[in-house]
Every structure is written in C-alpha cells, then in structure tokens.
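So the chains spell out like this:
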Amino acid sequence: MTGDRAFSGEDIYALSARLFPLHRSIMGNGVRETHNVLRSVVPELVTKEIPSGTRCFDWVIPDEWNLTDAYIADMSGRRVIDIQNSNLHVMSYSPAMDAVLSRDVLMEHIVSLPEMPDAIPFMTSYFDDRWAFCVTERQRESLNEDRYRVVIKATLEPGSMTYGEILIPGRETKEILVHTYTCHPSMGNNETSGMAVAAYLARSIIDMSDRRYSYRIVFAPETIGAVAYISKNLDDLRTSTIAGFVMTCVGDDRAWSFMPARHADTLPERAARHVLTKILKVPFQTFSYLERGSDERQYCAPGVGLPVVSIMRSKYGTYPEYHTSLDDMTVLSPAGLWGGYQATRLAIDVIECNETLVSTVICEPWLSPRGLRAPLRDGKFLDDFSRKVSDLMAFSDGTMDLLAIADRVDASLFDLLPVVEILKDQGLLEPVEEPKSASRQAP
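What counts and what doesn't
Residues numbered from 1 in each chain as written. Predicted model: local features only at pLDDT ≥ 70, side-chain atom pairs only at ≥ 80, totals over all residues. Heavy atoms only, no water. Pairing = 2+ DSSP bridges. Helix = DSSP H or I, 4+ residues; strand = E, 2+ residues; numbered from the N terminus. Axes fitted to C-alpha atoms, helices over the stretch in contact; angles between N-to-C directions. Expected span 1.5 Å × (residues − 1). Buried < 20%, exposed > 50% of the residue type's maximum accessible area, 1.4 Å probe, protein only. Parallel < 35°, antiparallel > 145°, perpendicular 65-115°, else oblique. Contact = heavy atoms within 4.5 Å. Nonpolar A, V, L, I, M, F, W, Y, C, P; charged D, E, K, R; others polar. Bend = angle between axes of the 7 residues up to and from the residue. Polar contact = N/O pair within 3.5 Å; in protein donor to acceptor, adjacent residues only side chain to side chain. Left-handed = near helix turned anticlockwise from the far one by under 90°.

Enquirer: Which parts of the structure should I look at to understand the sheet that holds strand 5 (residues 79-82)?
Expert: Hydrogen bonding along the main chain pairs the strands of a sheet, whether they run parallel or antiparallel. Within the open sheet, the four strands sit side by side as 5-4-9-6. Their pairing is antiparallel. Taken across any chain shown, the strands that pair with only one partner, and hence form the sheet edges, are strand 5 and strand 6 (97-102). Neighbour-to-neighbour, the strand axes of this sheet turn through a mean angle of 20°, independent of strand direction. Of the strand pairs in this sheet, strand 4 (residues 64-73) and strand 9 (residues 147-157) are connected by nine bridges, and their pairing is antiparallel. By the bridge assignment for strand 9, A73 is matched with R149.

Here is the structure:
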C-alpha cells in the first residue's frame with residue numbers, strides 16, 4: 001500500500017473548477033482545451049487524433065463540431081437565452097443558423113423540464129441534423145413575444161476526434177486500465193469529477209516508487225471514443241488487461257455505488273468490494289450490469305470482454321440533478337472527490353499487493369519456536385497477530401489468493417501484509433504462479 005499523497009480533495013476540486021466551464025462535445029476545440037488543463041496535473045498525457053470518416057468497428061467518426069456563440073434574442077436585440085450563461089443552452093451538434101422565427105416555430109425547438117422549473121436539460125444530437133435550445137421551464141414560459149431571432153454560430157466540417165492516453169510501465173507487462181470520458185459540458189458529478197479524479201489518480205500512479213503492474217490511462221469521448229480506442233488497441237487490451245476502472249460520478253458525498261463487469265467475480269470487482277467493506281467500511285449500493293450506462297458497455301462488450309468496473313459516489317441516473325444544469329460545482333465537494341479518488345486508488349493498491357501463496361510445510365507448522373504463536377486461553381488466541389498467522393497458514397494452499405483469504409477471515413488485506421512478509425522471511429510461505437482459475441474469463 002502506498003503512502004500519503006502530495007495532494008488533497010481540495011486540489012481535485014480546484015482542477016474540477018477549471019474543467020467545468022469548458023464547452024465540450026464528442027469532438028472539437030473544447031476537448032483539446034480540456035487536455036491542456038489536464039496536462040497541468042499530468043504533463044505526461046499524450047493527445048492523439050482520429051480523422052473524421054474513420055471506421056471503428058460499426059461506427060464512423062463524424063465531422064467535428066465547434067460552437068462559438070448562440071442565443072435567442074427578442075426583436076429589440078436583447079438576448080433572452082444566451083450560451084454565455086450556460087453551456088447546456090444549445091443541443092450539442094446543432095447546425096449553424098441565423099433566422100427570425102415565429103414563437104410557434106421556435107417552441108418546436110425548445111426543450112425544458114416542467115417538473116424541474118429551474119433546471120436546463122442536457123441534450124445531444126451527434127448524428128441527426130436537428131437543432132434545439134435547452135432552457136429552464138421558467139425561461140420557456142417567459143418566451144411570449146410573437147417573433148425571435150435565433151442565432152447559432154457553429155461549424156460542422158471534417159476534423160478529428162481527440163483522445164488522450166498515458167502508458168505507465170511497471171515490473172510486469174500485465175496492465176490495469178483507468179478510463180474516463182471527456183465529452184459532456186459543464187456537469188459536475190456526471191463528467192467533471194471523473195476527469196479530475198482520473199488525472200490525480202494518474203499522477204499518483206506515475207509517482208509510485210515501485211509498480212508491479214503497468215497502467216493504461218485513457219481520456220476519450222463517451223461511447224464512440226471508447227469504441228474508437230478499443231478498435232485501435234484491441235489486441236493489446238485483451239492480452240494485457242487484468243483489471244479496469246471507469247471513472248464517472250465520483251464527486252459528490254451523498255452515496256457510494258458499484259457497477260460490476262459483465263462477468264461476475266472479476267478481480268477489480270473483488271478488490272472494489274473489499275475496499276468498500278473491509279477498508280473504507282461504507283454502505284454502498286451494488287447495481288446490476290443490466291443498469292450499465294457508461295463505457296463499461298464497450299470494454300465489457302462481447303468480443304472485448306475485459307474485467308472493467310466502476311466505483312462511484314451517486315451513480316448516473318440516480319440523483320436528481322443528473323444531466324441538467326443543476327449538476328454544477330455545488331454538487332461536488334472536496335470530501336466527495338477525495339472519496340472517489342481514494343476508493344479506486346485503494347482498489348489498485350489491493351491488486352498491486354495481491355498474490356497467491358502456498359505453505360511450504362505439511363500440516364500446521366510448529367510456530368512457537370519461531371515466536372509466531374501466543375498462548376491460548378479457552379481456545380482463543382491472546383493476540384491478533386497469532387490469529388493472523390494461523391489463518392494465513394490455514395488457507396495458503398496455492399489456490400486462494402491473499403484477497404480471497406482476507407475476505408474469508410474478515411480482515412483488511414493491508415492488515416495481513418506485514419504478517420505475510422514475516423511468514424515469507426521464515427520460509428513458511430512462498431508465492432506460486434497465478435492459478436488458472438483466476439485468469440480472465442473468455443470475452
């Protein structure tokens with residue numbers, strides 16, 4: 001387990017505040033600006049581009065959309081809806097226009113949430129030629145003049161989709177994947193938190209003095225970005241990935257949530273559950289893979305089949321501000337972001353430390369001459385150390401890894417590690433090759 005980090009939840013919150021105002025979509029200059037901000041924490045981030053028209057499995061990279069201004073003005077020129085006030089006001093990929101419209105025609109292109117009168121909904125139309133303004137219900141009700149001028153200053157032309165990666169070598173070539181998405185504008189828990197936490201997670205991994213595993217950190221647009229990344233790296237991912245984590249919804253402090261992979265009992269699932277129950281000791285809700293919604297859909301898809309999970313705070317679609325302007329910086333907190341960081345970082349630490357051991361002696365070893373066993377009273381050990389020694393020797397048969405043993409004896413894996421090192425030094429435990437039963441399931 002690694003030591004204290006050189007940053008805090010306040011640092012992650014400050015990075016979130018810099019990322020939040022940037023206008024992002026699945027492609028465009030906003031994503032590139034986002035990478036520039038991320039590089040203030042991880043200058044190692046390598047930005048790459050995939051040209052429009054590139055086929056990625058069943059998908060084709062679309063043209064690039066860039067928005068510079070948009071508003072609805074009354075006939076006096078007063079802007080009544082202005083993109084400068086909220087990045088969510090214009091549906092992503094709305095085409096350019098400058099027209100005077102009747103109120104009736106305009107209202108066909110106005111989207112609001114009557115049940116949430118102060119919230120602006122988030123809408124996209126990446127692959128359909130349509131436009132819309134998203135407004136609060138109160139703003140919609142105030143549009144009572146006969147005509148309005150509607151202006152969208154945008155370009156849609158061949159360009160490229162931007163993604164970033166950081167490849168971090170370890171002592172072994174097997175990899176742990178960390179993925180987050182970079183395409184939603186100005187939503188706090190839903191997207192901003194994932195980028196900020198993933199950046200600091202990458203920073204902490206890069207700064208580790210010793211890494212057992214190699215790491216692959218990916219920043220890409222949701223869905224099509226993950227599809228594109230997998231299409232370019234499928235063989236490496238399938239060969240090397242032993243665990244993966246999608247960073248999303250990791251910034252509020254109201255709940256803990258867990259999304260498993262398509263296959264049950266994967267290594268990252270076991271590590272995540274261990275951290276939540278045995279280390280952080282927090283209540284959490286486990287969702288079914290039937291309730292998936294982020295890029296675990298791509299990494300766990302048939303033909304890919306990677307063990308990728310998410311440890312979240314309030315899961316997407318479960319909190320009232322989700323996909324609206326109310327999911328702002330007030331939803332995030334330094335404590336919530338630190339918790340989101342800490343849970344996945346601890347799960348990574350668990351995987352780094354996990355190994356399968358086997359006893360070198362037949363039957364129980366004679367512990368007393370080695371000073372490894374305290375006296376018994378009424379059939380109970382008089383100290384916790386001796387209990388751990390006994391349990392580790394009892395279950396280290398070459399088929400159970402340390403994580404399984406820790407769960408079986410209801411202990412934190414980190415609490416067992418010092419005892420493990422003593423037993424190794426005494427020649428009572430030795431590592432074995434990973435058993436076949438622990439290998440990744442077929443895709």
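Still to come is the rest of the account.
Enquirer: Help me understand helix 10 (residues 384-395), please; the structure alone is not making it clear to me.
Expert: Along an α-helix, residues three or four positions apart point the same way, because every turn accommodates 3.6 residues. Its 12 residues give helix 10 an end-to-end C-alpha distance of 17 Å, which sits within 8% of 16 Å, the value for a rise of 1.5 Å per residue. Regarding helix 10, the residues found buried are S386, K388, V389, S390, D391, L392 and M393.

Enquirer: In this structure, what is going on with the packing of helix 1 (residues 9-19) against helix 9 (residues 334-353)? I would like to understand it.
Expert: When two helices pack together, you describe them by how their axes are tilted relative to each other and by the distance separating the axes. Their axes nearest at 8 Å, the elements helix 1 and helix 9 cross at an angle of 105°. In terms of their interaxial angle, helix 1 and helix 9 are classed as roughly perpendicular. Contact residues: helix 1 offers G9, E10, I12, Y13 and S16, while helix 9 offers P334, L337, W338 and Y341. Of the residues in the contact of helix 1 with helix 9, the class split is six nonpolar, two polar and one charged.

Enquirer: Teacher, can you tell me more about helix 12 (residues 413-425) here?
Expert: Over its 13 residues, helix 12 runs 18 Å from end to end, which matches the ideal 18 Å to within 8%, given 1.5 Å per residue. The sharpest bend along helix 12 comes to roughly 25°, located at V419. What helix 12 keeps buried is the set L413, F414, L416, L417, V419, V420 and L423. The N-capping residue of helix 12, defined by a side-chain oxygen 3.1 Å from the backbone nitrogen of F414, is S412. Looking at the residues trailing helix 12, positive phi occurs at G427, about 75°.

Enquirer: Hey, could you run me through the packing of helix 9 against helix 12 in this one?
Expert: The N-to-C vectors of helix 9 and helix 12 enclose an angle of 30°; their axes lie 11 Å apart at closest approach. Put simply, helix 9 runs roughly parallel to helix 12. Helix 9 and helix 12 meet at a crossing whose hand is left-handed. On the side of helix 9, the interface is formed by L346, D349, V350 and C353, while helix 12 contributes L413, F414 and L417.

Enquirer: Would you take a moment to explain the pairing of strand 4 for this structure?
Expert: In summary, the side chains of a regular strand alternate between the two faces of the sheet. Here strand 4 lies mainly inside the structure; nine of its 10 residues are buried. Here strand 4 pairs with strand 5 via three bridges, running antiparallel. Paired with I72 across the two strands is I81, which belongs to strand 5. Between strand 4 and the antiparallel strand that follows it, strand 5, lie five residues; G77 among them carries a positive phi value of about 95°.

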